[in-house]
2 protein chains.
Amino acid sequence: MTQKRVYLFKEGNAGMKNLLGGKGANLAEMTNAGLPVPQGLTITTETCLEYIDKGNQMPAGLMDEVKEALADVEKETGKKFGDASNPLLVSVRSGSRLSMPGMMETVLNLGLNDQTMQGILKLTQNERFVYDSYRRFLTMFGSVVQDIERDKFEKILDQLKEKEGVSLDTEVSLDGLKELVVKYKELVKKETGSEFPQDPYTQLQLAIEAVFKSWNIPRAIAYRNHYKIDHRYGTAVNVQTMVFGNMGDDSATGVSFTRNPSTGENKFYGEYLTNAQGEDVVAGIRTPKPISELAEEMPALYNQYVEIAQKLERHYKDIQDMEFTIERGKLYILQTRNGKRTAQAALKIAVDMEEEGIINKERAIQLVDPNQLYQLLLPSFDPESKKQAKCIAKGLNASPGAAVGKIIFDPTEAEERAKAGESVILVRIETCPDDIHGMIPARGVLTSRGGMTSHAAVVARGMGKPCVAGCEIVKINLEQETMTSPEGKVYKKDDIISLDGATGEVFEGSIKTIDPQMGGDFEKLLSWADEIKTLAVRANADTPQDALKAMELGAKGIGLCRTEHMFMEQDRLPVVQQMIISGTEKARKEALEKLLPMQYQDFKDMFKALKGLPMTIRLLDPPLHEFLPNKEELIAEVAEMKAKSQDASKKEELLETVLNLSESNPMMGLRGCRLGLTYPEINEMQVRAIFEAACDLKLEGIEVKPEVMIPLIGHVNELKTARKQLEEVAQQVMSEKGVEIDYQFGTMIEIPRAALTAEQVAEYAEFFSFGTNDLTQMTFGYSRDDAEGKFLNNYVEQQILPTNPFETLDQEGVGQLMEMAIAKGKSQRPNIKLGICGEHGGDPESVKFCHRIGLNYVSCSPFRVPVARLAAAQATIEEQTNKTLVIR
Amino acid sequence: MTQKRVYLFKEGNAGMKNLLGGKGANLAEMTNAGLPVPQGLTITTETCLEYIDKGNQMPAGLMDEVKEALADVEKETGKKFGDASNPLLVSVRSGSRLSMPGMMETVLNLGLNDQTMQGILKLTQNERFVYDSYRRFLTMFGSVVQDIERDKFEKILDQLKEKEGVSLDTEVSLDGLKELVVKYKELVKKETGSEFPQDPYTQLQLAIEAVFKSWNIPRAIAYRNHYKIDHRYGTAVNVQTMVFGNMGDDSATGVSFTRNPSTGENKFYGEYLTNAQGEDVVAGIRTPKPISELAEEMPALYNQYVEIAQKLERHYKDIQDMEFTIERGKLYILQTRNGKRTAQAALKIAVDMEEEGIINKERAIQLVDPNQLYQLLLPSFDPESKKQAKCIAKGLNASPGAAVGKIIFDPTEAEERAKAGESVILVRIETCPDDIHGMIPARGVLTSRGGMTSHAAVVARGMGKPCVAGCEIVKINLEQETMTSPEGKVYKKDDIISLDGATGEVFEGSIKTIDPQMGGDFEKLLSWADEIKTLAVRANADTPQDALKAMELGAKGIGLCRTEHMFMEQDRLPVVQQMIISGTEKARKEALEKLLPMQYQDFKDMFKALKGLPMTIRLLDPPLHEFLPNKEELIAEVAEMKAKSQDASKKEELLETVLNLSESNPMMGLRGCRLGLTYPEINEMQVRAIFEAACDLKLEGIEVKPEVMIPLIGHVNELKTARKQLEEVAQQVMSEKGVEIDYQFGTMIEIPRAALTAEQVAEYAEFFSFGTNDLTQMTFGYSRDDAEGKFLNNYVEQQILPTNPFETLDQEGVGQLMEMAIAKGKSQRPNIKLGICGEHGGDPESVKFCHRIGLNYVSCSPFRVPVARLAAAQATIEEQTNKTLVIR
């Protein structure tokens with residue numbers, strides 16, 4: 001027997017999100033909670049995948065199942081699908097397990113045809129409403145299901161409005177609407193070669209297929225790629241009885257949030273329009289009224305609605321984003337879902353709800369996306385600089401944050417220019433899902449139309465991108481690529497503006513930005529996280545400044561101090577170059593003697609900043625030629641000098657050294673411990689500097705915990721040999737100074753072979769630190785420098801890879817090696833210390849994986865420390881939840 | 001209790017080779033077989049490692065164990081160590097589990113001092129013998145144990161001979177010998193600051209330590225590295241009663257082989273000297289007599305010796321290399337071991353012994369080193385060219401083969417010049433272990449002194465290097481770096497000569513070489529191998545010529561056809577470049593259309609050559625910039641043209657393309673399937689060419705078996721996507737042609753991630769071919785191009801790595817990934833075809849590993865095919881032997 005593909009709302013519940021999609025599961029949940037939900041049915045997400053896997057073919061029997069379910073709905077509503085006397089009209093919507101606003105297709109008023117139209121006309125006696133609905137249906141069905149460009153419908157409407165001399169759709173005459181229906185049908189016939197399908201079941205099947213297909217349209221794929229959503233989730237299809245907000249002035253439609261999704265303020269929040277359909281609110285075509293006005297217009301309905309909303313918030317333990325329609329004085333809840341919110345709002349809502357007793361600390365921690373937290377650490381405008389800047393307009397503060405960049409009007413150009421490294425602000429009249437590719441790379445978004453729930457506002461908030469929406473006082477001309485301020489000043493493409501998404505202000509020119517101030521909610525939530533989490537969080541830092549910043553943000557030590565950055569400093573580089581260029585050990589040692597006091601001071605300053613917290617110091621890692629002048633430039637210089645008969649002998653000599661050191665694949669060449677084993681004196685100098693600094697500080701009474709890390713181990717003998725050499729130096733320094741230091745030696749696990757033979761490596765390593773950047777490079781065979789520019793983006797776009805493995809850890813491949821290394825390492829040394837110092841240490845998903853596989857700590861860039869702390873706490877909570885599930 | 005460290009000969013047996021060393025185990029075996037072996041004791045190889053691991057310290061109690069064992073020897077011989085009236089003298093020799101001729105130190109006559117000398121004098125009444133022995137002992141002990149330069153002893157001897165007006169050592173007067181003893185003792189005191197140690201036990205301990213230490217002297221390490229011998233084997237020490245071949249004309253000493261080790265001829269073969277010690281024969285200082293003369297000089301002893309030799313050959317089922325001494329008419333066997341032999345001899349001996357009924361086919365197969373077989377495939381001299389060449393001298397045909405190169409006299413210079421790519425012939429008066437580093441890279445070796453068992457001869461045979469030894473008719477002057485022919489013509493450094501190691505001829509100038517002729521024994525042995533082996537052997541071949549050669553050498557198909565080599569051909573390259581430089585898909589397709597007929601013809605020719613055998617075709621693999629001009633040269637050219645104010649715009653344009661395509665780490669960049677997924681039209685053209693060729697041939701009645709291999713898979717989706725694309729092309733071609741081809745699609749496993757997720761990859765791969773070159777690169781994180789020049793040799797020398805993993809497969813790391821991939825691959829697709837196409841497919845050790853882990857075939861370069869066939873058979877035999885052991 002095949003699986004059940006179609007569920008009535010009353011057959012589902014909130015737990016069936018994976019199968020019914022978020023929307024379908026919530027409709028079911030609400031139905032069963034006795035809320036006024038228009039009845040309907042949901043086709044499962046699995047059916048969508050079945051359709052796709054069959055090469056876009058309807059599974060046999062599916063329409064029969066739909067008809068059967070629809071019969072039940074007909075019975076409940078007393079209406080009949082396709083019936084000329086009392087016809088049932090439905091909406092057809094997509095709904096995946098995760099909310100993807102605006103990404104999927106929707107068709108309203110389905111079931112309308114020349115017969116049923118007459119039936120409704122008879123029932124409602126509202127000719128205007130019926131023709132308006134019919135022309136809307138023809139537009140949506142034509143554009144969404146039949147692939148006719150929407151502009152073609154709009155053009156006919158615009159011509160009509162011009163002819164009638166009106167500007168709003170609602171002002172079009174009844175005759176005009178009738179004319180539209182005729183003209184739209186002609187358009188459909190011209191474009192598709194067939195008459196508009198009059199059979200309601202044909203309409204329904206085509207609409208269902210359109211939803212299925214829309215799962216794989218480019219903008220849906222782009223959205224999933226951006227948000228790292230699995231492409232195999234599929235979408236459900238919800239077929240729901242239509243209710244009408246456009247049946248007159250006793251009808252309305254709106255969207256609302258239980259709290260302010262921008263600031264987090266605990267105040268009912270939303271927008272509505274009377275005599276309108278839902279799409280009018282969301283698309284931003286008419287600017288809607290604030291929900292508070294509904295309290296005056298229809299107080300009883302408003303109170304009923306607020307009561308339902310509060311009930312839903314407590315039920316779902318999260319802020320709710322709801323859609324409602326009032327049809328001739330009766331309230332219907334069309335949808336509820338957890339609301340998208342800004343980082344600031346997420347934080348405030350989580351802390352507030354805990355303090356209001358609605359949720360516990362664990363739930364509060366889960367309510368904040370760690371990546372959002374990062375936004376709160378982003379710079380905002382410097383108040384002084386902002387005071388002096390010229391504010392040219394003010395719109396809605398749709399998504400907070402500070403953005404500075406060049407005005408770009410075309411999303412595709414915005415994408416290209418941003419790719420080229422420029423800061424751009426995308427400026428549009430309004431945005432639609434087709435513009436996503438230009439919004440993603442823009443620093444900020446400015447629109448002249450649409451409210452706080454317009455597409456631009458919702459999407460920007462989700463992305464944590466500054467957005468000023470509905471800034472109607474500026475005039476945007478997309479064709480001429482100009483934006484005109486209320487003062488009449490014309491801004492062109494490439495002019496620089498600044499947006500303050502928190503206030504809605506738009507400024508001329510560039511404003512200085514400053515570090516953000518972390519508020520009390522921030523500290524509160526992270527202190528809860530620290531109570532719960534078991535994974536320690538360290539930071540990657542190479543300077544005392546970075547180390548101090550990291551500790552301010554809650555780091556408990558340094559997991560990676562890259563000593564090569566110390567070599568790169570202006571005053572050191574000539575000495576480093578001298579060391580490299582000298583061909584003999586003697587000359588190398590002379591240069592190293594000059595470097596020793598500098599490195600000594602580096603480490604002393606770092607240890608001081610750390611106040612006794614541990615510091616993992618990686619010995620020199622990069623290939624030596626990185627410290628020398630650029631090869632290509634030198635070649636050109638020498639060729640030029642010779643062509644001009646100048647004396648190039650000195651340059652040539654340098655070039656020879658550079659050529660000798662240059663490698664075909666430097667990433668896999670003479671670097672890391674290979675360098676140390678070839679020229680032991682370099683690492684010996686470094687270890688001497690570390691221990692001299694440590695000893696001197698200890699003599700001053702300052703605690704130090706150095707962890708010396710030998711990089712790029714592939715074979716145990718490399719570590720064995722290097723450690724022996726270097727530990728001798730350490731012992732010698734300590735005996736010279738007469739001080740005992742609490743130190744460790746360990747290694748990075750970044751070469752696949754080290755992971756495969758970790759039981760051997762662990763014999764000589766007191767700790768493993770997973771260098772997942774290099775480990776990812778070698779496990780995939782990708783040179784990151786080349787891959788990201790040449791094919792990796794294409795791979796993610798083509799869905800060959802689910803995500804960029806340098807951003808989110810590849811648990812299946814790289815993670816498998818990590819798990820092997822941990823098991824093997826522990827078999828040799830049960831109490832081995834385990835950490836990660838690749839960039840993944842600041843990626844929430846990867847941090848959670850690190851928790852699950854049993855690392856002791858993650859180390860990430862200082863600004864990512866709060867992200868990691870929160871993610872680590874979430875990992876603990878998720879683990880406990882899973883354990884509870886298992887125990888049940 | 002500590003382990004037993006000292007074994008009497010009678011306590012051991014041949015099976016204890018790992019513990020007692022080859023020499024010790026054989027002495028024990030011979031003792032127990034009742035052969036006339038001078039008695040003694042063996043200190044275990046483990047004791048050597050114990051000594052080394054303790055930082056060169058004698059394990060406590062070891063000397064007591066030695067004394068105890070020596071007491072037993074004293075009882076057997078009736079002599080007493082250090083006794084002035086009837087003293088026991090001993091030899092002290094090294095002996096590892098594998099024979100390492102000349103690499104380890106030996107001391108004879110140990111136990112001699114001023115007192116025991118008198119005792120022997122009284123017993124033998126042969127003053128000359130005693131003083132001669134004493135001065136020999138002083139020389140050996142001084143140079144080997146006390147680190148005094150041997151030259152200093154030789155100089156004193158030379159001065160004496162000059163004074164006495166004699167040329168041979170044996171001509172020195174008795175008084176002269178007495179004077180030598182005094183002068184040598186003075187030398188020892190001067191050099192060491194102490195008197196020569198008179199206490200025999202002190203002598204013994206020092207000698208034992210010298211043997212232990214010699215395990216790690218540079219030349220021993222170099223030898224082990226060259227022959228890939230484990231550095232942790234250690235050496236045993238054999239302390240054996242001295243017998244004397246220098247007690248007069250009824251005494252003699254010699255070495256012999258049961259068969260001719262150069263040709264394999266079944267004829268007793270060897271050399272001896274009367275009134276001499278063994279070292280005189282081996283060192284090549286006196287040119288010895290052929291063993292056949294012993295039959296006339298001492299017929300009874302000769303017959304006894306031959307009888308023992310034949311018994312030993314049957315016992316050990318292998319050619320024996322024996323040392324004997326006749327002391328006053330009594331025969332002693334000092335040593336027997338399996339004899340080193342030339343490739344030609346190994347083959348002949350194996351086949352002969354099987355046909356003589358001494359061994360079975362399995363044993364015959366085991367008797368030939370697969371690497372040696374390779375030598376038989378090396379070129380020899382063209383007879384016509386040789387006829388016209390001027391033969392300037394003839395020496396002993398010590399090791400067969402043809403060599404052409406420049407005369408170089410200094411081993412170090414030979415090494416350097418060979419490294420620089422020159423062909424050199426090392427020319428020496430005689431060679432010693434210190435010269436190994438110059439012998440290894442030389443094309444051939446010529447010596448003017450020493451016989452068939454001289455150092456040069458033995459070592460060269462082991463290396464499969466042409467050698468002419470004992471060519472006394474040329475005069476070599478090492479100081480002036482000249483070689484004078486009998487005619488009086490002087491050849492200087494850098495003059496070119498040719499050596500025929502099979503005939504002993506030396507020619508002036510260069511002789512043309514030709515492909516070798518494989519004889520009947522060759523075919524016979526390999527046919528036995530084919531009967532036994534289960535692993536198939538294919539070849540890597542890119543041209544029909546290579547394919548034909550491979551099949552001639554027994555390949556059963558092509559395991560790797562690299563299509564890029566086809567792209568590199570002169571007439572193709574401009575079209576390939578055109579394709580790469582064109583920025584658009586359209587222009588690329590135009591260029592590809594020109595390439596299609598060329599590739600079609602390539603594949604057609606290959607298929608024809610294969611006559612129905614399978615061919616694995618790898619789609620384009622290298623990064624595209626490999627087909628473009630060199631970047632550095634272009635940069636210099638452009639800079640030069642600009643400096644000279646020439647129009648460089650065209651070159652600049654090309655440079656821009658080259659720079660766009662250039663990568664930081666091309667090995668891990670846009671290549672392999674990444675190329676095919678980025679520009680699908682390239683692979684589509686290749687697959688079209690393959691299937692058009694296959695279909696057309698099938699229509700002509702010729703069988704074809706294409707296996708399309710998609711390279712560099714790291715994620716299953718790469719393979720899934722590429723295969724879908726390409727199989728569509730294949731299907732289309734077949735339907736166009738109306739022919740069905742028996743084909744497969746598969747992939748290389750060369751990226752660690754592919755091995756780690758092989759169960760997924762196998763869903764879309766009908767075969768896996770392990771690309772162990774790249775897999776080794778990524779598993780170790782080594783770029784082979786950089787590593788071998790920059791640190792890998794150093795790693796092997798420093799013993800950080802046991803061997804170069806690009807030559808012999810790293811079973812521990814890379815092999816672990818292979819085993820994982822096999823298990824996971826089979827779990828998904830039980831009948832998946834498994835092969836290897838990295839260079840390891842021609843390395844015997846690696847081939848055996850491939851057999852053990854269950855591959856279906858190995859693929860290697862055509863000339864390595866016989867090597868792989870033999871190794872595969874040996875692997876089967878070894879497996880069966882191990883199974884038998886398990887069953888017991």
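Residues numbered from 1 in each chain as written. Chains lettered and ligands numbered in written order. Predicted model: local features only at pLDDT ≥ 70, side-chain atom pairs only at ≥ 80, totals over all residues. Heavy atoms only, no water.

Trainee: Account for the overall build of chain A, with residues named and values stated.
Mentor: Helix and strand counts for chain A stand at 36 helices and 33 strands. The C-alpha radius of gyration computed for chain A amounts to 32 Å, which stays within 12% of the reference 29 Å derived for 888 residues, consistent with globular compactness. With the C-alpha coordinates of chain A rotated into their principal frame, the extents come out at 100 × 75 × 50 Å. Here chain A, with 888 residues, has 59% of them falling under the buried criterion. Counting contacts in chain A only where the partners sit at least 6 residues apart, residues at least 24 apart contribute 69% of the total. When the accessible surface of chain A is split by element, carbon and sulfur atoms take 48% of a total near 34500 Å². Taken as two groups, the 105 positive and 131 negative side-chain charges of chain A have centres that lie 2 Å from each other. (Helix = DSSP H or I, 4+ residues; strand = E, 2+ residues; numbered from the N terminus. Rg over C-alpha atoms; globule rule 2.2 N^0.38 Å. Buried < 20%, exposed > 50% of the residue type's maximum accessible area, 1.4 Å probe, protein only. Contact = heavy atoms within 4.5 Å. Areas by Shrake-Rupley, 256 points an atom, 1.4 Å probe, with all protein chains shown as cover. Lys, Arg positive; Asp, Glu negative; His and termini not counted. Charge placed at Lys NZ, Arg CZ, Asp CG, Glu CD.)

Trainee: Which residues make up the interface of chain A and chain B, and what are the values?
Mentor: Facing the 58 residues of chain A at the interface are 58 residues of chain B. Here chain A meets chain B over a buried area of about 4900 Å², counting both sides, of which 56% is carbon and sulfur. If you sort the residues of chain A by the area they bury against chain B, A:Met668, A:Arg753 and A:Lys790 come out on top, with a joint share of 13%. Inspection of the chain A/chain B interface yields six salt bridges. With a shortest N-O distance of 3.0 Å, B:Arg753 and A:Glu812 are connected by a salt bridge. (Buried area = accessible area lost by both parts, 1.4 Å probe. Salt bridge = Lys/Arg side-chain N within 4 Å of Asp/Glu carboxyl O.)

Trainee: Run through the sheet that holds strand β18 (residues 444-447) of chain A, naming residues and quoting values.
Mentor: Residues and elements named next belong to chain A. Sheet architecture is open: eight strands sit in the order β14-β24-β23-β16-β17-β18-β19-β15, paired in mixed fashion. Lying at the two open borders of the sheet, with one neighbouring strand each, are β14 (390-394) and β15 (396-399). Taken pair by pair, the neighbouring strands of this sheet meet at an average axis angle of 35 degrees, ignoring direction. Where strand β23 (residues 496-500) and strand β24 (residues 505-508) come together, four bridges link them in antiparallel fashion. Within β24, the residue paired with aspartate 500 across the bridge is glutamate 505. The strands touched by helix α17 (residues 411-419) within the sheet are β16 (402-408) and β17 (424-428), with β17 carrying the most contacts at an inclination of about 180 degrees. (Pairing = 2+ DSSP bridges. Axes fitted to C-alpha atoms, helices over the stretch in contact; angles between N-to-C directions.)

Trainee: Could you give an account of the environment of A:Cys837, naming the residues involved and the relevant values?
Mentor: All names here are of chain A. Here cysteine 837 is to be found in the loop between β32 (833-836) and α35 (844-852). C-alpha of cysteine 837 to C-alpha of cysteine 860: the two residues are 23 residues apart in sequence and 6.3 Å apart in space. Among residues more than four places away in sequence, those in contact with cysteine 837 are Asn540, Gly559, Leu560, Met709, Met748, Ser769, Phe770, Gly771 and Ser859.

Trainee: Report on helix α29 (residues 716-737) of chain B, specifying residues and quantitative values.
Mentor: Between its terminal C-alpha atoms α29(B) stretches 31 Å, which fits the 32 Å expected from 22 residues at 1.5 Å a residue. Listing the buried residues of α29(B) in full gives B:Val716, B:Glu718, B:Leu719, B:Ala722, B:Arg723, B:Leu726, B:Glu727, B:Val729, B:Ala730, B:Val733 and B:Met734. Buried positions along α29(B) lie against α33 (784-797) of chain A together with α27 (673-678), α28 (680-699), β29 (705-710), β30 (744-749) and α31 (758-761) of chain B. Just downstream of α29(B), B:Gly738 is the residue with a positive phi angle, here 70 degrees. (Expected span 1.5 Å × (residues − 1).)

Trainee: Which residues make up the confidence of the model for chain A, and what values go with them?
Mentor: When pLDDT drops low, the exact placement of atoms in the prediction is not to be read closely. For chain A, mean pLDDT is 90; residues scoring 70 or higher make up 97% of the total. Both confidence scores are given for the complex: pTM 0.76, ipTM 0.75. (pLDDT = per-residue confidence, 0-100.)

Trainee: Would you mind going over the relation of the copies chain A and chain B in detail, with residue names and values included?
Mentor: Note on the identical chains: chain A maps onto chain B by a rotation of 179 degrees and an axial translation of 0.3 Å, with an RMSD of 0.3 Å. Taken together, the rotation and translation describe the operation of a two-fold axis. Across chain A, the rotation axis passes nearest the C-alpha of A:Asn665, at a separation of 2.0 Å. Both copies present the same face, since 100% of the interface residues in chain A are matched by interface residues at the equivalent positions in chain B. (Least-squares fit on C-alpha atoms with pLDDT ≥ 70 in both.)

Trainee: An account of empty space enclosed by the protein is needed here, citing residue identities and associated values.
Mentor: Here the structure, examined in full by the defined rule, presents six cavities of 30 Å³ or more. Of the volumes computed, that of the largest cavity is approximately 50 Å³. Along the walls of the largest cavity sit A:Pro623, A:Leu624, A:His625, A:Leu661, A:Glu663, A:Leu670, A:Leu675 and B:Lys790, which together make up its complete lining. Considering only residue class, the lining of the largest cavity consists of five nonpolar, one polar and two charged. (1 Å grid on protein atoms, 1.4 Å probe; cavity = no way out; pocket = protein on both sides within 12 Å on 5 of 7 lines; lining within 4 Å. Points joined across faces, edges and corners; volume = space filled by probe spheres on them. Nonpolar A, V, L, I, M, F, W, Y, C, P; charged D, E, K, R; others polar.)

Trainee: Tell me about helix α5 (residues 127-145) of chain A, residues and numbers included.
Mentor: All names here are of chain A. When the terminal C-alpha atoms of α5 are compared, their 26 Å separation across 19 residues agrees well with the 27 Å that a helix rising 1.5 Å per residue should span. With respect to burial, α5 is a largely interior element, 17 of its 19 residues being buried. Where α5 terminates, the next one or two residues include aspartate 147, which has phi positive at roughly 60 degrees.

Trainee: How would you sum up the packing of aromatic side chains? Please name residues and give values.
Mentor: Residue and element names in this part refer to chain A. Within the structure shown, the criterion is met by 36 aromatic pairs over all chains. Taking 5.0 Å as the distance between ring centres and 75 degrees as the angle between the ring planes, the aromatic pair formed by phenylalanine 81 and tyrosine 201 counts as edge-to-face. Here phenylalanine 81 is found in strand β3 (residues 80-81), whereas its partner tyrosine 201 is found in helix α8 (residues 200-214), with 120 residues between them in sequence. Three or more aromatic residues joined by ring pairs make a cluster, and in this case those are Phe268, Tyr302, Tyr305 and Phe324. Its end group placed over the ring of tryptophan 215, arginine 224 keeps NZ or CZ at 3.7 Å from the ring centre. (Phe/Tyr/Trp six-rings, centres within 6.5 Å; stacked < 30°, edge-to-face > 60°. Lys NZ or Arg CZ within 6 Å of the ring centre and 35° of its normal.)

Trainee: Go over the pattern of salt bridges, please, and point to the residues and values.
Mentor: Residues and elements named next belong to chain A. Evaluated as defined, the whole model comprises 142 salt bridges over all chains. A salt bridge links glutamate 508 to lysine 489; its shortest N-O distance comes to 3.0 Å. Here glutamate 508 is found in strand β24, whereas its partner lysine 489 is found in the loop between β21 (482-484) and β22 (490-492), with 19 residues between them in sequence. By relative accessible area, which is 25% here, glutamate 508 ends up partly exposed. Classification of lysine 489 by relative accessible area gives partly exposed; the value is 35%. A salt bridge links lysine 604 to glutamate 700, with the nearest nitrogen and oxygen atoms 3.5 Å apart. Placement of the pair is lysine 604 in helix α24 (residues 585-610) and glutamate 700 in the loop between α28 (680-699) and β29 (705-710), with a sequence separation of 96 residues.

Trainee: Requested: an account of the sheet that holds strand β21 (residues 482-484) of chain B, with residues and values cited.
Mentor: Residue and element names in this part refer to chain B. Taken in spatial order, the three strands make up an open sheet running β20-β21-β22, and their pairing is antiparallel. Whereas interior strands pair on both sides, the edge strands pair on one side only; in this sheet they are β20 (475-477) and β22 (490-492). Averaged over all neighbouring strand pairs, the angle between strand axes comes to 20 degrees, with direction disregarded. Examined bridge by bridge, β21 and β22 share three bridges and lie antiparallel to one another. Bridge assignment links methionine 483 to a residue of β22, and that residue is tyrosine 491.

Trainee: Pulling in residues and values, what's your account of the pairing of β29(A)?
Mentor: Residue and element names in this part refer to chain A. Of all six residues that make up β29, five are buried, and the element is covered over most of its length. In this sheet, β29 lies alongside strand β28 (residues 614-618) in parallel orientation, the contact comprising five bridges. Paired with threonine 616 across the bridge in β29 is glutamate 707. Across four bridges, the pairing between β29 and strand β30 (residues 744-749) is parallel. By the bridge assignment, valine 708 is partnered in β30 with phenylalanine 745.

Trainee: Could you give me a rundown of unusual backbone geometry, with the residues and numbers involved?
Mentor: Residues and elements named next belong to chain A. Despite not being glycine, aspartate 147 has its phi angle at roughly 60 degrees, a positive value. With respect to the secondary-structure elements, aspartate 147 resides in the loop between α5 and α6 (150-164). Of note, aspartate 494 is a non-glycine position whose phi angle comes to about 85 degrees, a positive value. Its place among the elements puts aspartate 494 in the loop between β22 and β23. The class for aspartate 494 is partly exposed, based on a relative accessible area of 34%.

Trainee: Summarise the environment of A:Gly554; cite the residues concerned and give the values.
Mentor: All names here are of chain A. Summarising the element assignment, glycine 554 is placed in the loop between α21 (544-552) and β27 (558-562). Sequence separation between glycine 554 and threonine 336 is 218 residues, and the spatial gap between their C-alpha atoms is 37 Å. Those residues in contact with glycine 554 that lie beyond four places of it in its chain are Val537, Val865 and Arg869.

Trainee: Provide a residue-level description of the state of the cysteines, including the pertinent values.
Mentor: Scanning the entire structure with this criterion turns up zero disulfides over all chains. Lacking any disulfide linkage, A:Cys850 is separated from the closest cysteine sulfur, that of A:Cys860, by 10 Å. Judged by relative accessible area, A:Cys850 falls into the buried class, the value being 0%. The closest cysteine sulfur to the non-disulfide-bonded B:Cys695 is located on B:Cys561, 17 Å from its own sulfur. Given a relative accessible area of 0%, B:Cys695 falls into the buried group. (Disulfide = S-S within 2.5 Å.)

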